[in-house]
Amino acid sequence: KTRALKAEYTMELAQDLKKMHGLDAEAELANILSTEILAEINREVIGKVNWSAEAGAQQAGLASPGTFDLDLDADGRWAVEKFKSLLFQIELESNEIALNTRRGKGNWVICSSNVASALAASGTLDYAGALSTKLNVDITGNTFAGTLNGRIKVYVDPFATSDYITVGFKGSNSYDAGLYYCPYVPLTMMKSVDPNSFQPKIGFKTRYGMTANPLVSNGGAIGAITAGTNEYFRTFTVDNINTNPNT
């Protein structure tokens, strides 16, 4: 797959920016373009992980398979106890990944910001470094929120439009994963000049591939990324996470 992004500016802009602010217009635009391309690739990875993940929350007794409802499925007297039930559901999904892959329990989570806040309120999410005092959800990227019980890394999807959790497993080496990102041509910068206006243009281009672990079940197509078939990932939605616990 190829991704490309371009930008153009005028020599007058470059001269004024350099004179008044000491900034290099080309360097500033190059930084913006490269950051945007990498952000798009990250979003594609998250989208494919969620799309290819097996359906979670399938155990008997849940009100709706594939959904964990904090009002109906969580056993607790108040909100914090219900949030701890959500943590146990994550453990169940981690165990299911271990049973299906025989490689290891789930050790990372991607979730919406509301879910991350619920896990923090349960008292089991420890933040690292600068995140020790509060959860900082950066809408320009995927935020590392902290670690559950010293084992499960939690990442926040800042662009999530609904509350969900995806549990996954990543082994100790780069081959023990459910999805592979394979860069073919690294991010390359190209420059040109418009022959009519003589104004500069710059662009960035990259080529890469993305494939599933060849050992996962995907209907017989080795390496194909297909919906709901990757045993390394399990996903489920979370309902009623922000309702009044006293009603």
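Residues numbered from 1 in each chain as written. Predicted model: local features only at pLDDT ≥ 70, side-chain atom pairs only at ≥ 80, totals over all residues. Heavy atoms only, no water.

J.: What's the story with the environment of G146 in this structure? I'm lost.
T.: With respect to the element layout, G146 can be found in strand β6 (residues 143-148). Placed 30 residues apart in sequence, G146 and A116 show a C-alpha to C-alpha distance of 9.2 Å. (Helix = DSSP H or I, 4+ residues; strand = E, 2+ residues; numbered from the N terminus.)

J.: Explain the sheet that holds strand β1 (residues 2-8) to me, please; I cannot follow it from the model alone.
T.: Within a sheet, adjacent strands bond to each other through the backbone by hydrogen bonds, running parallel or antiparallel. Strand order in the open sheet formed by three strands is β1-β10-β9, and the pairing between neighbours is antiparallel. Two strands lie at the open edges of the sheet, namely β1 and β9 (179-193), each paired on one side alone. Each strand axis lies, on average, 15° off the axis of its neighbour in the sheet, ignoring direction. Relative to strand β10 (residues 200-212), β9 is paired through twelve bridges, and the arrangement is antiparallel. Looking across to β10, one finds that P183 is bridged to Y208. Packed on one face of the sheet, helix α2 (residues 25-52) meets β1, β9 and β10 and runs near 20° to β10. (Pairing = 2+ DSSP bridges. Axes fitted to C-alpha atoms, helices over the stretch in contact; angles between N-to-C directions. Contact = heavy atoms within 4.5 Å.)

J.: What's the story with the side chain of E44 in this structure? I'm lost.
T.: You can see E44 is positioned in helix α2. Overall, the relative accessible area of 14% leaves E44 in the buried class. Not counting the four nearest positions on each side in its chain, E44 is found in contact with K1, R3, Y208 and M210. (Buried < 20%, exposed > 50% of the residue type's maximum accessible area, 1.4 Å probe, protein only.)

J.: Would you mind showing me how to read the pairing of strand β7 (residues 152-156) here?
T.: Along any regular strand, the residues point their side chains to alternate faces of the sheet. Residues of β7 alternate between two faces, with I152, V154 and V156 buried on one and K153 and Y155 left unburied on the opposite face. Sheet analysis places strand β4 (residues 108-111) next to β7, joined by four bridges and oriented parallel. Its bridge partner being in β7, C111 is matched across the sheet by V156. When β6 meets β7, the two strands line up antiparallel, connected through five bridges. Bridged to T143 within β7 is V156. Turn length for the β6-β7 hairpin, with the two strands adjacent in sequence and antiparallel, is three residues, and the turn residue N149 shows positive phi of about 50°.

J.: I keep staring at helix α4 (residues 113-121) and nothing clicks. Help me out?
T.: Each α-helix winds once per 3.6 residues, and so residues spaced three or four apart point in a common direction. For α4, the complete set of buried residues consists of V115, A116, A118 and L119. Each buried residue of α4 lies within a common arc of 160° when the element is viewed along its axis, so the set occupies one face. G123 sits one or two positions beyond α4 and adopts a positive phi of about 85°. (Arc of directions from axis to C-beta.)

J.: What should I look at first to understand the layout of surface pockets in this one?
T.: The gaps left among the atoms become clear once a water-sized probe is rolled over them. Of the voids in this model, the largest pocket is the one considered here, and its volume is about 530 Å³. Contributing elements (two or more residues each) for the lining of the largest pocket: α2, β4, β7 and β9. Counting residues per element, the lining of the largest pocket draws most heavily on α2, which supplies five residues. Residues of the lining of the largest pocket, tallied by class, amount to 15 nonpolar, four polar and one charged. (1 Å grid on protein atoms, 1.4 Å probe; cavity = no way out; pocket = protein on both sides within 12 Å on 5 of 7 lines; lining within 4 Å. Points joined across faces, edges and corners; volume = space filled by probe spheres on them. Nonpolar A, V, L, I, M, F, W, Y, C, P; charged D, E, K, R; others polar.)

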